[in-house]
Amino acid sequence: IAGITQAPTSQILAAGRRMTLRCTQDMRHNAMYWYRQDLGLGLRLIHYSNTAGTTGKGEVPDGYSVSRANTDDFPLTLASAVPSQTSVYFCASSEEGFTNEKLFFGSGTQLSVL
Amino acid sequence: GQQVMQIPQYQHVQEGEDFTTYCNSSTTLSNIQWYKQRPGGHPVFLIQLVKSGEVKKQKRLTFQFGEAKKNSSLHITATQTTDVGTYFCAGNTGNQFYFGTGTSLTVIP
């Protein structure tokens, strides 16, 4: 089934540890995004990539890094996790990255940093 | 600060009652999208509005875009238990989408 796959589904992490959230899409979409969802704050953009080889910062990029080595994969790395990074993380994609395109979301990763 | 505000944050309705969520932006929007997230699920695209004053309908759902392109609403007529979830607007300021804070809808059978 075409779509976006995120892994892991959930993770409990000790503060200070490094963690990579994986995201893979098979729709050949050029643009990919990482959002975090927190109660009362909605979805906030962390980083994005409009095409393979390029990335950009969103609203809340601090403490996170991304890479886009190819079209399909867009991993999100927390270099040294802190409790404030406890959240649900969604990866999303769109065809070309234009702001009139709909977003397709993965199923999310629930991350708890203790 | 939050670019797009959404109210109410929570809404409980009796099945069959109507429901409305409102989305307001401090800046003029190029377009606005609406998404629905079922409990435990991920956001799913519902619709996009582009024109000033635009109204679109999807069965019992009516979406409106304000004349000034700074606000939008989603109205559900005669809610059903399948409408349960969180509804998000996402406003496009021209170079980025900002999601609203979402309205969580509970439908009491």
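Here the structure is shown first, and the text comes after it.
Residues numbered from 1 in each chain as written. Chains lettered and ligands numbered in written order. Predicted model: local features only at pLDDT ≥ 70, side-chain atom pairs only at ≥ 80, totals over all residues. Heavy atoms only, no water.

The amide bond that connects Ala7(A) to the next residue, Pro8(A), takes the cis arrangement and shows omega of -5°. In this structure, Pro8(A) sits in the loop between strand E1 (4-7) and strand E2 (10-13). With an omega dihedral of -5°, the bond running from Ile7(B) to Pro8(B) counts as a cis peptide bond. In this fold, Pro8(B) is placed in the loop between strand E1 (4-7) and strand E2 (10-14). Here the phi dihedral of Lys59(B) falls at roughly 55°; this positive angle occurs in a residue that is not glycine. Relative to the helices and strands, Lys59(B) resides in the loop between strand E6 (55-58) and strand E7 (61-65). (Helix = DSSP H or I, 4+ residues; strand = E, 2+ residues; numbered from the N terminus.)

Attention now moves to the state of the cysteines. Counting across every chain of the model gives two disulfides over all chains. Here Cys23(A) pairs with Cys91(A) through a disulfide, and the sulfurs are 1.9 Å apart. On the S-S bond that ties Cys23(A) to Cys91(A), the torsion sits near -70°, and the link is left-handed. Here Cys23(A), found in strand E3 (residues 19-25), pairs with Cys91(A), found in strand E9 (residues 87-94); they are 68 residues apart in sequence, far enough to count as distant. Taken individually, Cys23(A) and Cys91(A) each receive the classification buried, so the pair is uniform in this respect. Paired through a disulfide, Cys23(B) and Cys89(B) show a sulfur-sulfur distance of 1.9 Å. On the sign convention where negative is left-handed, the bridge of Cys23(B) and Cys89(B), at about 70° about the S-S bond, is right-handed. Within this pair, whereas Cys23(B) is found in strand E3 (residues 19-25), its partner Cys89(B) is found in strand E9 (residues 85-92), the two being separated by 66 residues in sequence. Taking relative accessible area as the criterion, Cys23(B) reaches 1% and is therefore assigned buried. (Disulfide = S-S within 2.5 Å. Buried < 20%, exposed > 50% of the residue type's maximum accessible area, 1.4 Å probe, protein only.)

A few words now on the interface of chain A and chain B. On the chain B side, the residues contacting the 18 residues of chain A number 22 residues. When the two sides are added together, the surface that chain A and chain B hide from each other amounts to roughly 1600 Å², 56% of it contributed by carbon and sulfur. In terms of surface lost to chain B, no three residues of chain A exceed Leu43(A), Thr99(A) and Phe105(A), which account for 32% of the buried area on that side. In this assembly, chain A and chain B are joined by zero salt bridges. Here chain A and chain B share four residue pairs in polar contact (both at pLDDT 80 or more) between them. Sorting the residues of the side of chain A that touches chain B by element identifies strand E4 (31-38) and strand E5 (42-49) of chain A as the ones contributing at least two each. Here the side of chain A that touches chain B gets three residues from one element, more than from any other, and that element is E5(A). (Contact = heavy atoms within 4.5 Å. Buried area = accessible area lost by both parts, 1.4 Å probe. Salt bridge = Lys/Arg side-chain N within 4 Å of Asp/Glu carboxyl O. Polar contact = N/O pair within 3.5 Å; in protein donor to acceptor, adjacent residues only side chain to side chain.)

With that settled, consider the nonpolar core. Among soluble globular proteins, nonpolar side chains are generally buried collectively. Ranked by size, the top nonpolar core spans 20 residues in total, and within it Trp34(B) and Phe63(B) carry the most contacts. Of all the secondary structure elements, the ones that give two or more residues to this core are E3, strand E4 (31-37), strand E5 (43-49), E7, strand E8 (71-76), E9 and strand E11 (103-108) of chain B. Ignoring sequence-local partners within four residues, the contact set of Phe63(B) consists of Trp34(B), Leu46(B), Ile47(B), Leu49(B), Glu54(B), Val55(B), Lys56(B), Gln58(B), Ser73(B) and Leu74(B). Leu21(A), Cys23(A), Ile46(A) and Tyr64(A) belong to the second-largest nonpolar core, a separate cluster that totals 18 residues. (Core = buried A, V, L, I, M, F, W, Y, C linked by side-chain atoms within 4.5 Å.)

According to the stated counting rule, one finds 12 aromatic pairs over all chains in the structure shown. Seen from their ring centres, Phe90(A) and Phe105(A) are 6.2 Å apart, and the 85° between their planes marks the pair as edge-to-face. Taken together, the residues span a long stretch of sequence, with Phe90(A) in strand E9 and Phe105(A) in strand E10 (residues 104-105) at a distance of 15 residues. With relative accessibility at 7%, the residue Phe105(A) sits in the buried group. Where Phe105(A) meets Tyr35(B), the ring centres are 5.8 Å apart and the plane angle is 85°; that geometry is what we call edge-to-face. Taken together, the residues Phe105(A) in strand E10 and Tyr35(B) in strand E4 connect one chain to another. Judged by relative accessible area, Tyr35(B) falls into the buried class, the value being 0%. Positioned above the aromatic ring of Phe74(A), the side-chain terminus of Arg68(A) is 6.0 Å from the ring centre. (Phe/Tyr/Trp six-rings, centres within 6.5 Å; stacked < 30°, edge-to-face > 60°. Lys NZ or Arg CZ within 6 Å of the ring centre and 35° of its normal.)

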